[in-house]
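Architecture and fold: a report
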Amino acid sequence: MPYETIIGLEIHVQLKTKSKMFCGCPNEAEPKEPNQNVCPVCMGHPGVLPTINKQAVEWTIMSGQALHCDIPTESKFDRKNYFYPDLPKGYQISQYDKPLCGEGYLEIKDDGETKKIELERIHLEEDAGKLLHPDGANYSLVDYNRASTPLMEIVTKPDIRAPQEARVFLQKLRKILLYIGVSNADMEKGQLRCDANISLRPEGAKELLPKTEIKNLNSFKAVEQALLYEVGRQTEVLDAGKELHQATRGWNDDLSETVEQRTKEGEADYRYFPDPDLPPLTFTKEQLDKIKQGLPELPEERRERLEKQFGLKSEEAEMLVDDRAVGEFFENVISEAQEWINSFEGKDEVLSEEAQKVIKQTFNWITSPLFKLLNKEGISLADCKITAENFAELMAMIHEGKVNSSAAEKVLEVMFAKGSDPSQVVEELDLAQLGDSDELSGIIDKVIADNPGPVEDYKAGKENALQFMVGQVMAATKGKADPQVAGEALKKKIS
Ligand code: ZN
Ligand code: MN
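Notes on the structure in this doc start here.

Rules and cut-offs
- Residues numbered from 1 in each chain as written.
- Chains lettered and ligands numbered in written order.
- Predicted model: local features only at pLDDT ≥ 70, side-chain atom pairs only at ≥ 80, totals over all residues.
- Heavy atoms only, no water.
- Donors = N, O, S within 2.8 Å, 3.2 Å for Na, K, Ca; no water.
- Helix = DSSP H or I, 4+ residues; strand = E, 2+ residues; numbered from the N terminus.
- Buried < 20%, exposed > 50% of the residue type's maximum accessible area, 1.4 Å probe, protein only.
- Polar contact = N/O pair within 3.5 Å; in protein donor to acceptor, adjacent residues only side chain to side chain.
- Contact = heavy atoms within 4.5 Å.
- Pairing = 2+ DSSP bridges.
- Salt bridge = Lys/Arg side-chain N within 4 Å of Asp/Glu carboxyl O.
- Tetrahedral: all angles 85-135°; square planar, octahedral: opposite > 155°, others 65-115°.
- Phe/Tyr/Trp six-rings, centres within 6.5 Å; stacked < 30°, edge-to-face > 60°.

1. Quick look at the coordination of the manganese ion (ligand 2)
- Distances from the manganese ion (ligand 2) to its protein donors, H12 (NE2), E125 (OE) and E153 (OE), fall at 2.1 to 2.2 Å.
- Sequence spacing of the donors to the manganese ion (ligand 2): H-x112-E-x27-E. Taken together, the residues span a long stretch of sequence, with E125 in strand β6 (residues 113-126) and E153 in strand β9 (residues 150-156) at a distance of 28 residues. In terms of burial, E125 and E153 fall into one category: buried.

2. Observations regarding the side chain of D275
- Relative to the assigned elements, D275 resides in the loop between β14 (273-274) and β15 (281-282).
- Residue classification places D275 among the buried residues on the basis of a relative accessible area of 3%.
- A polar side-chain atom of D275 sits 2.8 Å from the main-chain amide nitrogen of D277.
- Filtering out sequence-adjacent residues up to four positions away, D275 remains in contact with F77, D78, R79, Y91 and I93.

3. Remarks on the pairing of strand β12 (residues 247-252)
- Taking burial as the measure, the six residues of β12 include five buried ones, the bulk of the element.
- With four bridges connecting them, strand β11 (residues 212-217) and β12 associate as parallel partners. In the strand pairing of β12, E213 is matched with T248.
- Of the pairings in the sheet, the one linking β12 to strand β13 (residues 257-262) comprises five bridges and is antiparallel in character. From the neighbouring strand, R249 faces β13, where its bridge partner is E260.

4. A short note on the pattern of salt bridges
- Within the structure shown, the criterion is met by 38 salt bridges.
- Notably, a salt bridge pairs E4 with R201, separated by 3.2 Å at the nearest N-O pair. Taken together, the residues E4 in strand β1 (residues 3-14) and R201 in strand β10 (residues 192-202) connect sequence positions 197 residues apart.
- Residue E4 is classed as partly exposed on the basis of its relative accessible area of 24%.
- Look at R201 and you get buried, because its relative accessible area is 17%.
- Of the charged contacts in the structure, one is a salt bridge between E118 and K157, with a shortest N-O distance of 3.6 Å. With a gap of 39 residues between them, E118 in strand β6 and K157 in the loop between β9 and α2 (163-180) connect regions that are remote in the sequence.
- The class for E118 is partly exposed, based on a relative accessible area of 32%.
- Through salt bridges with shared partners, one network takes in E297, R302, R305, R324, E328 and E331.

5. Some remarks on the coordination of the zinc ion (ligand 1)
- The coordination sphere of the zinc ion (ligand 1), as far as protein atoms go, consists of C23 (SG), C25 (SG), C39 (SG) and C42 (SG), spread over 2.3 to 2.4 Å.
- The site at the zinc ion (ligand 1) holds four donor atoms, and with the angles between them running 101 to 113°, its shape is tetrahedral.
- The sequence pattern describing where the donors of the zinc ion (ligand 1) fall on their chain is C-x1-C-x13-C-x2-C. Of this pair, C23 sits in the loop between β1 and α1 (54-66) while C42 sits in the loop between β1 and α1, placing them 19 residues apart in sequence.
- Its relative accessible area of 2% is what places C42 among the buried residues.

6. Re the packing of aromatic side chains
- For the coordinates displayed, the defined rule picks out seven aromatic pairs.
- Between Y82 and Y270 the ring centres are 6.0 Å apart and the planes differ by 70°, which places this aromatic pair in the edge-to-face class. Of this pair, Y82 sits in the loop between β3 (78-81) and β4 (91-94) while Y270 sits in the loop between β13 and β14; the two residues are 188 residues apart in sequence, bridging distant segments of the chain.
- Of the residues examined, Y82 reaches a relative accessible area of 29% and is grouped as partly exposed.
- Ring geometry for F310 against F330: centres 5.3 Å apart, planes inclined by 85°, an arrangement best described as edge-to-face.

Written out as structure tokens, the structure is:
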């Protein structure tokens, strides 16, 4: 029987605030030793008073604003009670019926189609500690460094219809979070964790069948694969005429399958009630507007602006906005390069035409040679040593014909490795292009004298023969000649 797939996601995002959610302990991604960043508050000792991290609240609201959420003017924190050794207080401070952000949505593009995935809510809570199970030991260890780290939980409606769609949604969500700068959202480090709810329903039916919740998926690939596996498993159970039951399952990366962990507790088991130690929150419209003003330009807006402002194609602009730092670098290079063009071009019409060329050239040099170097080293642009100013200078040198493109690639490599100034590299490596100089003229005379055969061939109309001689000139100048200039000079001298 054909089934429809119904998927909803719960995404936990570790916020990169300086301190923890309810105390002053450092919120460090990777402290050196276990249980260094702890205090009586995050350890839940009796008589202590938690205080709310303002930055975490503002960042959650800001994320909600980026995701088109309703932001209510009132919110509060609640205790979610359950017992587990990694939870020192015996309850988690979370939000129950008054989350910071209400309904919202995120638009995704999958297979060329735009689709709106609606969000149920976004709330703020604290993380638990970490249990460690040493190999072969009959005891476990617990590290509370992570206890009370701020977690923003984003809950979608069951709007996702395919495992691939879930992956695309998460990737887009992550990009937005990185742009806003509220989290490093590194899935491998657990800064972005995804739980996926999935159930099937016979096509045309209204009622959902019992769902599976897949816990703690920590890569985009795992999300897609675990969901694909569940679609297959649930379909098999149903087709065999058996019944499904609601359960929590884990994803085993090595076996590529989900494994049942426990049947799920209902909501009532958590005995939610308002945290008596924390005041309810109220926001004025002015406060919410002020937070919204802090929102940076988001990837989609930037893509549209880059297209308009620089005459880029949509796919080109997309390549520049994928990583926030890349788009910023591109714009910085252009504004630096603009000064260079201004210094060597006079008339306005010429300027805009030249500017177009420099923009195109800059785009090509960033997305091709520079991306290649970044990929090779496995680093992101934010960690690259090349400054926008130096990159712009290299663009100007290429544009002015001071270096040819193969020499420029060598220069770029040195700049990439050492962060050096391009004009210095050109001098050090003796890569400056030979213009229409006496030196070039002499080399061309010699190439003509040494190659009577090709000269005759060219005179007889064979274009290849000219290319051969240009090659000889390039070799004799160690690649410093401009092939076009050399070709023209050869033609002139032979005729
Ligand atoms: Zn603490
Ligand atoms: Mn949660």
